[in-house]
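# Descriptive analysis of the structure
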Amino acid sequence: MQAVFFEAHFRTVMEEQLRLESSEQIRIRRKRLERNENRIAELKRLFIRIYEDNASGWLSDDRFDMLSLTYETEQKQLEDECVTLRQEIEVQERQNENIEKFIQTAHTYVGIDELDGYALRELVSAIYVDAPGKSSRKRVQHIHIKYDRLGFIPLNELMKEETA
């Protein structure tokens, strides 16, 4: 009974955590991208305004040079950041696809009693075992599992509700 609970809990926690983290990262990056794009548009309008003010004599050449350099520098930084954000969003969306593929693969193993070699190769890409250490005179050895397409998920996250 406990193995069935752990399996269902493991699947639920993993699916929920991965989807939430991924969606949140995309949302944050898209919001920042939108903010940058709005500021770039504003800088373009400001540049046009200072150009017209300079041409009409309301703004000195020195002041125009200073403002235009400031606006151009900021615009270049924002445009570079926009390129980076778009790339990060694309990577995160690909990661979402990987999450969905992993979940589909994991669903094929619902109800198994034992993880055989084939299932292990499909779900796990690496297992790392730390050197043993001593904590309160007890031998402690940490294990890190790297899931295929997903990376590492802390074991304490997966075990949280089972011990509750």
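Keep in mind that this is a model prediction, so the values were computed, not measured.

### Here's the deal with the overall build of the protein
- When helices and strands are tallied, the protein shows four helices and five strands.
- Listed by position from the N terminus, the elements making up the protein come as α-α-α-β-β-β-β-β-α.
- As presented, the protein carries roughly 12100 Å² of accessible surface, and 52% of it is formed by carbon and sulfur atoms.

### Some remarks on a nonpolar patch on the surface
- A grouping of Ile112, Leu115, Leu120, Ile127, Val129 and Ile143 is seen on the molecular surface, where their side chains present a nonpolar patch of about 490 Å² in accessible area.
- On the basis of relative accessible area, leucine 115 is assigned to the partly exposed category, the value being 45%.

### Concerning the packing of aromatic side chains
- Tallied over the entire structure, the rule returns two aromatic pairs.
- Both rings, one in phenylalanine 47 and one in phenylalanine 64, keep their centres 6.0 Å apart while their planes meet at 45 degrees; by these two values the pair is tilted. Of this pair, phenylalanine 47 sits in helix 1 (residues 2-55) while phenylalanine 64 sits in helix 2 (residues 61-107), and the two are 17 residues apart along the sequence.
- Following the ring pairs from residue to residue traces out a cluster consisting of Phe47, Tyr51 and Phe64.

### Some remarks on the pattern of salt bridges
- Scanning the model with the defined rule gives nine salt bridges in all.
- The closest approach of N and O atoms between arginine 39 and glutamate 42, which form a salt bridge, is 3.2 Å. Residue arginine 39 and its partner glutamate 42 are both found in helix 1; the two are separated by three residues, about one turn of the helix.
- By relative accessible area, which is 34% here, glutamate 42 ends up partly exposed.
- Note that arginine 39 and glutamate 74 form a salt bridge whose closest N and O atoms lie 2.8 Å from each other. Of this pair, arginine 39 sits in helix 1 while glutamate 74 sits in helix 2; the two residues are 35 residues apart in sequence, bridging distant segments of the chain.
- Here arginine 39 falls in the partly exposed class, since its relative accessible area comes to 24%.
- Overlapping salt bridges, with partners in common, bring together Arg39, Glu42 and Glu74 in one network.

### Quick look at the environment of isoleucine 26
- Relative to the helices and strands, isoleucine 26 is located in helix 1.
- As a C-alpha pair, isoleucine 26 and glutamine 92 span 66 residues in sequence and 6.6 Å in three-dimensional space.
- In this structure isoleucine 26 touches Gln92, Glu93 and Asn96, once residues within four positions along its chain are discounted.

### Points about the confidence of the model for the protein
- With 80% of its residues at a pLDDT of 70 or more, the protein has an overall mean of 81.
- Per-element mean pLDDT across the protein ranges from 56 in helix 4 (residues 155-163) up to 89 in helix 2.

### Examining the nonpolar core
- With eleven residues, the main nonpolar core is built from Leu33, Ile40, Leu43, Ile50, Leu59, Phe64, Tyr71, Leu78, Cys82, Leu85 and Ile89.
- Mapped by element, the contributors of at least two residues to this core are helix 1 and helix 2.
- Residues contacting isoleucine 89, with those up to four places away along its chain left out, are Arg29, Arg30 and Leu33.

### Quick word on the side chain of glutamine 92
- Its place among the elements puts glutamine 92 in helix 2.
- Filtering out sequence-adjacent residues up to four positions away, glutamine 92 remains in contact with Ser22, Gln25, Ile26 and Arg29.

### Some points on the side chain of serine 68
- Among the structural elements, serine 68 can be located in helix 2.
- There is a polar contact of 3.1 Å between the side chain of serine 68 and the backbone oxygen of aspartate 65.
- Look past the residues within four positions of serine 68 in its chain and what remains in contact with it is Phe47 and Ile50.

What counts, and at which threshold
- Residues numbered from 1 in each chain as written.
- Predicted model: local features only at pLDDT ≥ 70, side-chain atom pairs only at ≥ 80, totals over all residues.
- Heavy atoms only, no water.
- Helix = DSSP H or I, 4+ residues; strand = E, 2+ residues; numbered from the N terminus.
- Areas by Shrake-Rupley, 256 points an atom, 1.4 Å probe, with all protein chains shown as cover.
- Patch = residues over 30% accessible without salt bridge, like charges linked within 9 Å, V, L, I, M, F, W, Y side chains within 5 Å.
- Salt bridge = Lys/Arg side-chain N within 4 Å of Asp/Glu carboxyl O.
- Buried < 20%, exposed > 50% of the residue type's maximum accessible area, 1.4 Å probe, protein only.
- Phe/Tyr/Trp six-rings, centres within 6.5 Å; stacked < 30°, edge-to-face > 60°.
- Contact = heavy atoms within 4.5 Å.
- pLDDT = per-residue confidence, 0-100.
- Core = buried A, V, L, I, M, F, W, Y, C linked by side-chain atoms within 4.5 Å.
- Polar contact = N/O pair within 3.5 Å; in protein donor to acceptor, adjacent residues only side chain to side chain.

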